[in-house]
Every structure is written in C-alpha cells, then in structure tokens.
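As a plain string of letters, each chain reads:
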Amino acid sequence: MTDAKIRLHVDQPLGKGQTVNLDRDQAHYLFGVMRLVEGAGVLLFNGQDGEWLARVADAGKRGGVLECEAQTKVQGAPPDLWLLFAPVKKARTDFIVEKAVEMGVARLLPVTTDFTNSERVRVDRLQAHAKEAAEQCAATWVPEVAEPQRLDRLFAGWDAARRIMYCDEAAPAGTGALSGEAEGPWAILIGPEGGFSESERAKLRGLPYGLTVSLGPRILRADTAAVAALTLWQATLGDWR
Ligand code: SAH
C-alpha cells in the first residue's frame, strides 16, 4: 500500500533506486499545484517497466528529482484493439480519445472520410489527452494516437489478420453478434456525424476481414457510438471477461 495518489507518465527508465528528473511542467504540477514536499510518494509508469512508487528527493521550481522505491504493478498491456474514428468537433473528439483509453485500446487512428467535417486534427493534443487518461485510469501504458489517414488509403495497406468491427447505423438492430467471433487483433470503426458515403458503405460491407455491427435501433452520436462499441467488444472479446 502506498500513500501516493498522483500518477505520472514519464519517458525515463524506472527501476529500484532509479532517479527520474522532472521537467518544468511536471515540477510545477507536483510542487506548485499539488504541493508535494520532499519524501512524498508519486506513482510512475513509462509503458515498459510497470508502475513504481517514487519519492520526491528534490523539489524545485523549475525541476526536481524523484527516486524509485518499489514496483507497485508489473507492466500490463491493453487488448490488441484499435479504434478507427472520424474526427468530429473538438470537444467530442477529445471525449472519444479519453474514453477509448479508459475502455482499453492499444491504438487510436483518426481517419478522414468523404463526410469528415472537422477542424484539423492536432495529434499532439490528442496524444496529451491519451496520456492524461492513462494516468487517471491506472493503465501502465499510453495508447498511441496515429497521424490521420484517409479511409481508402488505410484499407489499401490493411493487414487482413486484423478484423474490423464496422459500426453501421443503417444495419438492422441485432446485426453482427460478436460472440462466436475469433479473439485476436481487431479494430472498431466509427464514422463521422454525417455518416459514411454510399461508396464507402459499399466498400465497408464488402471487406473480407470486416464484420458489420449494429449498436441498436437508435442513431448514436459518434462519441456515444465509440463508447458503446468498445463496451460490446470488451465484454465479448476483450479484457472485461
Ligand atoms: N449518418 C447518420 C449519423 C452517423 S452517426 C445520420 O445522421 O443519419 C456516427 C457514427 O456512429 C456512424 O457512422 C456509425 O459508425 C456510428 N453509429 C451511430 N449509431 C449507430 C448504430 N445504431 N449502430 C451502429 N453504428 C452506429
């Protein structure tokens, strides 16, 4: 048990006795905002070495040093699930990224589609959201947010071993039960607020590695659809079981 409540992702090696240098922002957050003093505990993870309890060894205004004391969790991994989503308005896109990390995905891929209507996607901002969500939800990894790709190009280079759960609001409720489907690498595909175009739909329905799935009889907003689809997948094929 530890008294540490704050979790931070760091880009440095973690191990017994290892010291971790804090940058200005991290120091400001820990010592300026959270008022930690020397000796206070912080939980650290870096996506490789599990989670560690570290103690503040030096608290400064522009930096500081933590020292790793003991491992509190072994390194974990999310299921091999990607979320392909068409970016929507900024706040809803942020929501999709945050919730996907909490629900458990390995990778987030923004895709542009015929009807994608959004401001330019700032991958660095989304990646920062993913990191914060991982810190908050006790994951020991931060899913990668990939550069946006066009849907057609994405499928041109697709690995057929990764199944795609294509969420289609036009499919009758009950379409595409996941139970009985094989475990393994999957991706969930959620369209933009305007839906997919007819030619995209035709292509998506014909994907040999695709599974067309309904999320019920009502039309969900893209952010709701993402959480619903992740729930369904996690409960049927993922790490909720
Ligand atoms: N074009 C639609 C709305 C699209 S909703 C319209 O206005 O009529 C945004 C995305 O959420 C869709 O592309 C789909 O991937 C997903 N989605 C929403 N409701 C869904 C449902 N009931 N079943 C499956 N997918 C759904």
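Everything below is about the structure printed above this text.
To start, this report covers the structure provided alongside it.

Thresholds, definitions, all that
Position numbers for residues start from 1 in each chain and track the written sequence from start to end. Note on the predicted model: pLDDT of at least 70 is required for a residue's local features to be given, and 80 or more for side-chain atom pairs to be given and counted; whole-chain, interface and lining totals, by contrast, use all residues. Side-chain descriptors were evaluated using all non-hydrogen atoms of the structure, hydrogens and water having been removed beforehand. Only runs of H or I of at least four residues qualify as helices and only runs of E of at least two qualify as strands under DSSP, and these elements are numbered from the N terminus. Burial classification: accessible surface area is computed with a 1.4 Å probe over protein chains only, and a residue below 20% of its type maximum counts as buried, one above 50% as exposed, and the rest as partly exposed. In what follows, a contact means two residues having at least one pair of non-hydrogen atoms within 4.5 Å. We get accessible surface area from the Shrake-Rupley algorithm with a probe of 1.4 Å; when it comes to residues, only the shown protein chains can shield them. Two residue types count as positive, namely Lys and Arg, and two as negative, namely Asp and Glu; His and chain ends fall outside the count. Where a charge lies is defined by one atom per residue type: Lys uses NZ, Arg uses CZ, Asp uses CG and Glu uses CD. Note on geometry: axes are C-alpha line fits, over the in-contact stretch for helices, and angles between N-to-C directions span 0 to 180 degrees. Throughout, the term roughly parallel applies to angles under 35 degrees, roughly antiparallel to angles over 145, roughly perpendicular to angles from 65 to 115, and oblique to all others. Helix crossings are classified by the rotation of the near helix relative to the far one: an anticlockwise turn of less than a right angle makes the crossing left-handed, while a clockwise turn makes it right-handed. Each residue gets one of three labels, nonpolar for Ala, Val, Leu, Ile, Met, Phe, Trp, Tyr, Cys and Pro, charged for Asp, Glu, Lys and Arg, and polar for the others, Gly among them. Being near a molecule or strand, for a residue, comes down to having at least one heavy atom within 4 Å of it. Here a polar contact means two N or O atoms within 3.5 Å. Within protein one must be a hydrogen donor candidate and the other an acceptor candidate, and residues neighboring in sequence count only if both atoms are side-chain atoms. Salt bridges are counted wherever a side-chain nitrogen of Lys or Arg sits within 4 Å of a carboxyl oxygen of Asp or Glu. Patch construction takes residues with relative accessible area above 30% that form no salt bridge. Like charges are linked within 9 Å, and nonpolar side chains (Val, Leu, Ile, Met, Phe, Trp, Tyr) are linked within 5 Å. Aromatic pairs are defined between Phe, Tyr and Trp rings, using the six-membered ring for Trp, whenever the two ring centres lie within 6.5 Å; interplanar angles under 30 degrees are classed as stacked, those over 60 as edge-to-face, and all others as tilted. The rule is short: NZ of Lys or CZ of Arg within 6 Å of the ring centre and within 35 degrees of the ring normal puts a charge over the ring.

## Thoughts on the overall build of the chain
Working step 1: A tally of helices and strands in the chain yields six helices and 12 strands.
Working step 2: Considering only C-alpha atoms, the chain reaches an extent of 60 × 40 × 30 Å along its principal axes.
Working step 3: For the chain, the residues scored as buried account for 46% of the 241 residues in total.
Working step 4: Expressed as a percentage of contacts within the chain between residues at least 6 apart in sequence, the contacts between residues at least 24 apart total 72%.
Working step 5: Carbon and sulfur atoms make up 51% of the accessible area of the chain, which amounts to about 12000 Å² in all.
Working step 6: Averaging the coordinates of the 28 positive side-chain charges in the chain and doing the same for the 32 negative ones gives two points 4 Å apart.

## Let's talk about the packing of helix α2 (residues 90-103) against helix α3 (residues 123-137)
Working step 1: Between α2 and α3, the shortest axis-to-axis distance is 8 Å and the interhelical angle comes to 40°. Considering their axes alone, α2 and α3 lie oblique with respect to each other. The chirality of how α2 crosses α3 is right-handed. In contact with K90, T93, D94, V97, E98, V101 and E102 of α2, α3 contributes R125, L126, H129, A130, A133, A134, Q136 and C137.
Working step 2: Looking at side-chain class alone, the contact of α2 with α3 contains seven nonpolar, three polar and five charged residues.

## Some words on the site of the ligand
Working step 1: Within the structure, the ligand sits among 18 residues, and C167, L215, G216, R218 and L220 are positioned closest to it.
Working step 2: D168 places a main-chain nitrogen or oxygen 3.4 Å from a nitrogen atom of the ligand.
Working step 3: E169 is positioned with one of its side-chain polar atoms (N or O) 3.2 Å from a nitrogen atom of the ligand.
Working step 4: Coverage of the ligand by the protein amounts to 86% of the 560 Å² it exposes when considered alone.

## Quick notes on the pattern of salt bridges
Working step 1: Applying the stated rule across the entire model yields 18 salt bridges.
Working step 2: Among the salt bridges present, the one from E51 reaches R7, with a minimum N-O distance of 2.8 Å. On the criterion of sequence distance, the pair formed by E51 in strand β4 (residues 51-59) and R7 in strand β1 (residues 7-9) is long-range, its members being 44 residues apart. The burial state of E51 is the same as that of R7; both residues are buried.
Working step 3: With a shortest N-O distance of 2.9 Å, D223 and R92 are connected by a salt bridge. With D223 in helix α6 (residues 222-236) and R92 in helix α2, the pair connects residues that are 131 residues apart, well separated along the chain.
Working step 4: Assessed through its relative accessible area of 28%, R92 is described here as partly exposed.
Working step 5: Connected via shared salt-bridge partners are D168, E169, E198, R201 and R205.

## Observations regarding a nonpolar patch on the surface
Working step 1: Together, Y29, V33 and M34 make up an exposed nonpolar region whose accessible area comes to about 250 Å².
Working step 2: By the element assignment, M34 lies in the loop between α1 (24-33) and β3 (41-45).

## As for the packing of aromatic side chains
Working step 1: On inspection of all chains with the given rule, the structure shows five aromatic pairs.
Working step 2: Relative to Y209, the ring of W158 lies with its centre 6.2 Å away and its plane at 25°, an arrangement referred to as stacked. One end of the pair, W158, is in the loop between α4 (151-156) and β10 (163-167); the other, Y209, is in the loop between α5 (198-205) and β12 (210-213), with 51 residues separating them in the sequence.
Working step 3: Summarising the aromatic geometry, the rings of Y166 and F196 are spaced 5.7 Å apart at their centres and angled 70° between planes, so their arrangement reads as edge-to-face. Residue Y166 is located in strand β10, and its partner F196 is located in the loop between β11 (186-190) and α5; the two are separated by 30 residues in the primary sequence. When sorted by exposure, Y166 lands in the same class as F196, which is buried.
Working step 4: A network of ring pairs unites the aromatic residues W82, F155, W158 and Y209 as a single cluster.
Working step 5: Geometry around W82 places R107 over its ring, the cationic atom sitting 4.5 Å from the centre.
Working step 6: The side chain of R162 reaches across the aromatic face of W82, ending 3.7 Å from its centre.

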